[in-house]
Amino acid sequence: MMCGKKVIAKERFKKSYRIEELDTKLRRRQLAAEVKALEKATKAGVKAPETVFVDKENCVLYVTEIDGQTVRDYIHSLGDLSLEDNKAKVENIATLMGTAISDLHHARIIHSDLTTSNMIVPIKPENADDSWMPDTLHLIDFGLSFFSDLVEDRSVDLYVMERAVQTTHAHSDHLLHKIYNTYKNKNLLGNKVQTRLNDVRNRGRKKSMIG
């Protein structure tokens, strides 16, 4: 542990099917990209794990462990998202998600794996009443992230998130609508990104039909 914080190790394992020299070069390049993305995300105000140590020789990244629960588990704990009693909580978590993604994209970072399992929120305190809602959200697992200014890449990032939410959480239409509204209001390219998102969706549907 470091200063009372738990530390976890994330190792990039060797791929036996690749030439060893090439494999090492690729793993080190991916490691460097993840470290840079975490640094840039934090500077942009996005809550993310803190890099503790980088073992370049063995391609191992040591980062602080984020205490809490995944957004996936939190949303499942709410039950039916379409119930009126859940409206405020759905809008709250959607606002946290939309804000984090917008801030990430503003920093030119494309996450590439924006599932609700890669988002962490606090666990409800034992003395909290039923009206309690999380007030912070951390993004984790930047292993597939890269940097881009392209509207297309941001739209694909949102599409990945959308598909993950739809396949994991029932009655998620209002949740997604609020995420996108938050993103659009906080991001200068929000309208362009969401317009392009419609094209990405259509390509996704065509691909599904073709198989």
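Residues numbered from 1 in each chain as written. Predicted model: local features only at pLDDT ≥ 70, side-chain atom pairs only at ≥ 80, totals over all residues. Heavy atoms only, no water.

**Q** Help me understand the layout of surface pockets in this model?
**A** Which parts of space are left empty comes out when a probe the size of a water molecule is rolled across the atoms. Considered as a void within the structure, the largest pocket measures approximately 210 Å³ in volume. Lining the largest pocket are 14 residues, and of these I8, P49, V63, I140 and D141 sit closest to its centre. Where the lining of the largest pocket is concerned, the elements lending two or more residues are β1 (7–11), α1 (20–43) and β3 (60–64). Looking at the lining of the largest pocket, the element that brings in the most residues is β3, giving three residues. Across the lining of the largest pocket, the residue classes tally to nine nonpolar, one polar and four charged. (1 Å grid on protein atoms, 1.4 Å probe; cavity = no way out; pocket = protein on both sides within 12 Å on 5 of 7 lines; lining within 4 Å. Points joined across faces, edges and corners; volume = space filled by probe spheres on them. Helix = DSSP H or I, 4+ residues; strand = E, 2+ residues; numbered from the N terminus. Nonpolar A, V, L, I, M, F, W, Y, C, P; charged D, E, K, R; others polar.)

**Q** What am I meant to see in unusual backbone geometry here?
**A** Even without glycine at this site, S112 takes up a positive phi of about 80°. Mapping S112 onto the fold places it in the loop between β5 (109–110) and β6 (119–121). Unlike most non-glycine residues, D141 shows phi in positive territory, near 55°. Examined against the element boundaries, D141 turns out to sit in the loop between β7 (138–139) and β8 (146–147).

**Q** How should the pattern of salt bridges be read in this particular structure?
**A** Note that side chains of opposite charge can pair when their charged atoms are close. Overall, the coordinates contain 14 salt bridges when judged by the stated rule. Ionic pairing is found between D23 and R27, a salt bridge with its closest N-O pair at 2.8 Å. Pair noted here: D23 and R27 are both in helix α1, with a separation of four residues, about one helical turn. For the residue pair D23 and R27, the accessibility class agrees, reading buried in each case. Note that D149 is salt-bridged to R108, the shortest N-O span being 2.8 Å. With D149 in the loop between β8 and α4 (151–168) and R108 in the loop between α3 (87–106) and β5, this pair connects stretches of sequence that are 41 residues apart. One connected set of salt bridges, linked through shared partners, spans K10, R12, E34 and D141. (Salt bridge = Lys/Arg side-chain N within 4 Å of Asp/Glu carboxyl O. Buried < 20%, exposed > 50% of the residue type's maximum accessible area, 1.4 Å probe, protein only.)

**Q** What exactly am I supposed to notice about the nonpolar core here?
**A** If you look at soluble globular proteins, the nonpolar side chains tend to sit buried side by side. Core analysis: the biggest nonpolar cluster contains 44 residues, and I93, L137, L139, F142 and M161 have the highest contact counts within it. Those elements that provide at least two residues to this core are α1, β3, α2 (71–78), α3, β6, α4, α5 (173–186) and α6 (190–210). For this core, the element with the highest residue contribution is α3, accounting for eight residues. Once residues within four sequence positions are removed from consideration, L139 is found in contact with V46, K47, A48, P49, A100, L104, L114, N118 and M119. (Core = buried A, V, L, I, M, F, W, Y, C linked by side-chain atoms within 4.5 Å. Contact = heavy atoms within 4.5 Å.)

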